[in-house]
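So you can see what is in the structure, the chains are spelled out below.
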Amino acid sequence: MNVIEIIKEKKLVPVIKIDELETTVPLLRALQKGGIKVAEITYRTACAQEAIKTAIENFPIMAIGAGTVVNDKQAEQALRLGVKFVVSPGFDEKIALRCKDNLVPYFGGCVTPTEIMRAMDLGFDIVKFFPAQAMGGLKTIKSLAAPFPSVKFMPTGGINLDNLKEYLSFEKVIACGGSWMVKSELIKNRDYEKITKLCEEAVREVENI
Ligand code: 3PG
């Protein structure tokens with residue numbers, strides 16, 4: 001299965017911020033135990049690059065991607081490490097083309113028709129929709145989907161167990177991203193059991209849809 005198929009099937013992309021490198025392995029183990037197959041590790045901390053490397057080395061069967069990739073240099077580094085996908089909060093043309101050249105899926109953030117048209121023009125038909133809740137949630141996604149029937153969305157931002165089902169019930173939403181299962185506080189407190197529990201809950205919710 002390629003990574004897009006895995007994301008479409010599993011429908012959950014935890015958005016992870018790793019502050020302390022040593023939490024990478026136990027955290028990913030907790031996610032795996034909770035039934036999660038995909039993990040987006042964000043470039044928001046000093047150890048992000050090392051955390052991605054550690055995750056890829058230790059969890060070859062998980063689809064590890066780089067998130068919050070905001071420039072071409074980060075994209076280049078992440079691709080060199082072997083990430084399976086790249087995510088940006090906005091849509092960046094240089095990053096998009098680099099990913100395309102490397103045959104690695106890129107989910108760039110788009111919240112306007114103009115941004116979607118730019119993504120489509122470069123050959124992308126799945127976009128991140130961020131920050132989902134603040135940008136009007138599913139109502140906005142439905143409005144954007146109408147003129148672009150070939151485009152699919154991966155919303156993130158403000159998604160949690162309470163609204164997950166609502167987003168995933170729309171067929172143009174391929175998966176939801178979010179940090180609700182992997183809150184910084186839980187990682188800081190090494191509360192891996194709770195993380196596994198939150199993942200299990202989310203996986204169950206997806207299975208019920
Ligand atoms: C992202 O980059 O996708 C978001 O920060 C995730 O948003 P959340 O923290 O509200 O889930």
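All values derive from a computational prediction rather than experimental measurement. (Residues numbered from 1 in each chain as written. Predicted model: local features only at pLDDT ≥ 70, side-chain atom pairs only at ≥ 80, totals over all residues. Heavy atoms only, no water.)

S.K.: I'd like a rundown of the overall build of the chain, residues and numbers included.
M.R.: Tallying secondary structure elements over the chain gives 10 helices and 8 strands in all. Taking 17 Å as the expected radius of gyration for a compact globule of 209 residues, we find that the chain reaches 16 Å, a close match to that expectation. Along the three orthogonal principal directions, the C-alpha set of the chain runs to about 45 × 40 × 30 Å. A total of 209 residues make up the chain; the buried ones form 52% of that total. (Helix = DSSP H or I, 4+ residues; strand = E, 2+ residues; numbered from the N terminus. Rg over C-alpha atoms; globule rule 2.2 N^0.38 Å. Buried < 20%, exposed > 50% of the residue type's maximum accessible area, 1.4 Å probe, protein only.)

S.K.: Go over the pairing of strand β4 (residues 85-88) with me, naming the residues and quoting the values.
M.R.: Within a regular beta strand, the side chains point alternately toward one face of the sheet and then the other, so they alternate between its two faces. Residues F85 and V87 line one face of β4 and the alternating positions V86 and S88 line the opposite face, and both faces are buried. Where strand β3 (residues 63-67) meets β4, 2 bridges bridge the pair, whose relative direction is parallel. For A66, the partnering residue across the bridge sits in β4 and is V86. Each parallel crossover has a hand, and the one from β3 via helix α4 (residues 72-81) to β4 is right-handed. Alignment of β4 against strand β5 (residues 106-108), held across 3 bridges, turns out to be parallel. (Pairing = 2+ DSSP bridges. Right-handed = clockwise from strand over helix to strand, strands pointing away.)

S.K.: Got a sec to walk through unusual backbone geometry? Specific residues and values, please.
M.R.: With an omega dihedral of -10 degrees, the bond running from F130 to P131 counts as a cis peptide bond. Looking at the secondary structure, you find P131 in the loop between β6 (126-129) and α7 (137-145). Unusually for a residue other than glycine, L103 sits at a positive phi of about 60 degrees. Tracing the backbone shows L103 in the loop between α5 (93-101) and β5. Taking the relative accessible area as the measure of exposure, L103 reaches 78% and is therefore exposed.

S.K.: Hey, could you go over the nonpolar core for me, with residue numbers and the actual values?
M.R.: Within the largest apolar cluster, 67 residues are counted, with the highest numbers of intra-cluster contacts made by L28, L31 and I195. Ranked by residue count, the leading element in this core is helix α10 (residues 192-207), at 7 residues. Residues within four places of L28 in sequence aside, it is in contact with A39, I41, A55, F59, M62 and I64. Membership of the second largest hydrophobic core comes to 13 residues, among which are V3, F85, I174 and A175. (Core = buried A, V, L, I, M, F, W, Y, C linked by side-chain atoms within 4.5 Å. Contact = heavy atoms within 4.5 Å.)

S.K.: Please set out the environment of K139 residue by residue, giving values where relevant.
M.R.: Take K139: it is sitting in helix α7. A relative accessible area of 68% places K139 in the exposed class. Taking the C-alpha atoms as reference points, K139 and Y167, separated by 28 residues in sequence, lie 9.6 Å from one another.

S.K.: I'd like a description of α4, backed by residues and values.
M.R.: Listed in full, the buried residues belonging to α4 are Q74, A75, A78 and L79. On an axial view of α4, the arc spanned by its buried residues comes to 130 degrees, and they lie on one face. Turned more than 90 degrees from where α4 packs its buried face, K73 and R80 sit exposed. If you follow the buried residues of α4, they end up packed against β3, β4 and α5. (Arc of directions from axis to C-beta.)

S.K.: So what about the site of the ligand? Which residues, and what values?
M.R.: Around the ligand, the structure places V15, R44, K128, F130, T156, G157, G158, G178 and S179. The contact in question runs from an oxygen atom of the ligand to an N or O atom on the backbone of G158, over 2.8 Å. Interatomic distance of 2.6 Å between a side-chain N/O atom of S179 and an oxygen atom of the ligand. Burial of the ligand by the protein amounts to 82% of the accessible area it has alone, namely 310 Å². Taken together, the residues of the shell around the ligand break down into 2 nonpolar, 5 polar and 2 charged. (Near = heavy atom within 4 Å. Polar contact = N/O pair within 3.5 Å; in protein donor to acceptor, adjacent residues only side chain to side chain. Areas by Shrake-Rupley, 256 points an atom, 1.4 Å probe, with all protein chains shown as cover. Nonpolar A, V, L, I, M, F, W, Y, C, P; charged D, E, K, R; others polar.)

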